[in-house]
Amino acid sequence: MNVILKILNVLIEPFGAEDVEIIHGSLSPIQGWYFPDFGRAEKRSTIRITYRAESGCVFGYKIKRDYETDEINETDEKFPDVGRAKISR
């Protein structure tokens, strides 16, 4: 069976952030894991955005489609990730 997947890529734009980090399979602290079944752990990327906001401070993030890097893939396997993200600083 041939499966055609449309990969949706997004651009994440934090504003007012102190730090942005991509964590992949960390044990201390435990972050960046996916558990598809009981007792089975798979490393996955997790985005951690650190804010130190005071009253009245504007902060957050925008997520928008990154049309430049969208793609179509043909595969016979399951795709573990349905999309990708780029961080804009």
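Residues numbered from 1 in each chain as written. Predicted model: local features only at pLDDT ≥ 70, side-chain atom pairs only at ≥ 80, totals over all residues. Heavy atoms only, no water.

### Observations regarding the overall build of the protein chain
When its secondary structure is counted, the protein chain shows zero helices and 10 strands. The order of α-helices and β-strands along the protein chain, N terminus first, is β-β-β-β-β-β-β-β-β-β. Within the protein chain, buried positions represent 21% of all 89 residues. In the protein chain, the share of contacts with a sequence separation of at least 24, taken over all contacts with a separation of at least 6, comes to 71%. Total accessible area computed for the protein chain in this model is approximately 7100 Å², and 53% of it derives from carbon and sulfur atoms. (Helix = DSSP H or I, 4+ residues; strand = E, 2+ residues; numbered from the N terminus. Buried < 20%, exposed > 50% of the residue type's maximum accessible area, 1.4 Å probe, protein only. Contact = heavy atoms within 4.5 Å. Areas by Shrake-Rupley, 256 points an atom, 1.4 Å probe, with all protein chains shown as cover.)

### Comments concerning the confidence of the model for the protein chain
When pLDDT is averaged across the protein chain, the result is 78; 70% of the residues are at 70 or more. Across residues 74-83, confidence stays below pLDDT 50; counting only partners more than four residues off in sequence or on other chains, it has 19 contacts. (pLDDT = per-residue confidence, 0-100.)

### Examining the packing of aromatic side chains
Summed over all chains, the structure comprises one aromatic pair. Consider the rings of Tyr51 and Phe59, whose centres lie 5.1 Å apart with planes at 45 degrees: the pair is tilted. The partly exposed category is assigned to Tyr51, whose relative accessible area is 23%. (Phe/Tyr/Trp six-rings, centres within 6.5 Å; stacked < 30°, edge-to-face > 60°.)

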